[in-house]
Amino acid sequence: MILGIDTSLGTAVALVDPDGVVRAEVASDNPLGHAEVIGDLLVQATDAARTTAAHGSGLPASGDDAITHVVAGMGPGPFTGLRIGIAAARTFALARAIPVIPVPSHDAVALGVLLAAAFEGAEAGRFAVVTDARRKEFAYTVYLGLDDDGLPVRVAEPALVPRDLLDDRLRELDAARIEATSVSAALLAITGARAVAAGRVLAGPEPLYLRSPDVTVAHAPKRVS
């Protein structure tokens, strides 16, 4: 069982089994208040795993005991939201001595776009996953198809662009605009599971803030004479 946690937009938590079946998925669309809801969402998701086990899924009786990996959405996203989700993922994993798998949040959105296109027998072509980075900026990542491991192929890494310049930038990159208002924790977990199965690392340990936090450490106190 793989637990996915993402707080790059709203707050999302999901449990996915080794076959890619979503066992639980809960979310809050509120782009703020991550700290207020993430604990309850984790409880809801793990309770759902216990319910699944009770109905003869072959999982351990405790939902927590069934979880073998935690997938953390690494953004891009705002500083405060991302650090809350990543801290929750790391704390959950540390308490159970299981690994944390970092995955770019845009990869989960891209996987959903590509799977939907494949289901319809269509080609997604080159597209950009776009999310609101606030302060009149958007974050974008450009993708083109799935690789042999079933993972989205990034052809342009995450970057920021002013809102008014976004369409011009995407025209330069020849990428269709796919605007996302949420990130599926289930798709994040599935992306992480595919990376683990392939022995791949999709992101480093540092969050993709793309810019410095709005709040900075104050300078040293002024000397009083």
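A brief look at the structure comes next. These numbers come from a predicted model, not from an experiment. (Residues numbered from 1 in each chain as written. Predicted model: local features only at pLDDT ≥ 70, side-chain atom pairs only at ≥ 80, totals over all residues. Heavy atoms only, no water.)

**Quick look at the side chain of Thr 191**
Item 1. Of note, Thr 191 is situated in helix H6 (residues 185-198).
Item 2. Of the residues examined, Thr 191 reaches a relative accessible area of 0% and is grouped as buried. (Helix = DSSP H or I, 4+ residues; strand = E, 2+ residues; numbered from the N terminus. Buried < 20%, exposed > 50% of the residue type's maximum accessible area, 1.4 Å probe, protein only.)

**Focus: the nonpolar core**
Item 1. In terms of nonpolar packing, the biggest core is built from 26 residues, with Val 71, Val 103, Phe 127 and Val 129 touching the most fellow members.
Item 2. Within the residue set of this core, elements represented by two or more residues are strand E2 (11-16), strand E5 (100-103), helix H4 (105-119), strand E6 (126-134) and H6.
Item 3. Per-element accounting of this core gives the leading share, six residues, to H6.
Item 4. Filtering out sequence-adjacent residues up to four positions away, Val 129 remains in contact with His 106, Val 109, Ala 110, Ala 139, Tyr 140, Thr 141, Tyr 143, Ile 178 and Ala 180.
Item 5. In this structure, Ile 5, Ala 24, Ala 45 and Leu 82 belong to the second largest nonpolar core, which totals 24 residues. (Core = buried A, V, L, I, M, F, W, Y, C linked by side-chain atoms within 4.5 Å. Contact = heavy atoms within 4.5 Å.)

**Section: unusual backbone geometry**
The phi torsion of most residues other than glycine is negative, and most of the peptide bonds are trans.
Item 1. Between Gly 75 and the following residue, Pro 76, the backbone shows a cis peptide bond with an omega angle of 15°.
Item 2. By the element assignment, Pro 76 lies in the loop between strand E4 (69-73) and helix H3 (79-96).
Item 3. In the Ramachandran plot, Ala 97 falls in the positive-phi region, its phi being about 55° despite a non-glycine side chain.
Item 4. Here Ala 97 is to be found in the loop between H3 and E5.
Item 5. At Arg 134, a position not held by glycine, the phi torsion is positive, near 65°.

**Some remarks on the packing of H4 against H6**
Item 1. Closest axis-to-axis distance for the H4/H6 pair is 8 Å, and the angle between their directions is 95°. Here H4 is positioned roughly perpendicular relative to H6, judged by the angle of their axes. Touching Ser 105, Asp 107, Ala 108, Leu 111, Gly 112 and Leu 115 of H4 are Leu 187, Leu 188, Ile 190, Thr 191 and Arg 194, all from H6.
Item 2. Looking at side-chain class alone, the contact of H4 with H6 contains six nonpolar, three polar and two charged residues. (Axes fitted to C-alpha atoms, helices over the stretch in contact; angles between N-to-C directions. Parallel < 35°, antiparallel > 145°, perpendicular 65-115°, else oblique. Nonpolar A, V, L, I, M, F, W, Y, C, P; charged D, E, K, R; others polar.)

**Considering H3**
Residues that lie three or four places apart on an α-helix share one face, since the helix turns once every 3.6 residues.
Item 1. Its 18 residues give H3 an end-to-end C-alpha distance of 26 Å, which sits within 8% of 26 Å, the value for a rise of 1.5 Å per residue.
Item 2. For H3, the set of buried residues is Gly 81, Leu 82, Gly 85, Ile 86, Ala 88, Ala 89, Phe 92 and Ala 93. Seen along its axis, H3 keeps its buried residues to an arc of 150°; they face one direction. Within H3, the exposed residues directed more than 90 degrees away from the buried face are Thr 91, Leu 94 and Ala 95.
Item 3. After H3 finishes, the residue Ala 97 shows a positive phi value of roughly 55°. (Expected span 1.5 Å × (residues − 1). Arc of directions from axis to C-beta.)

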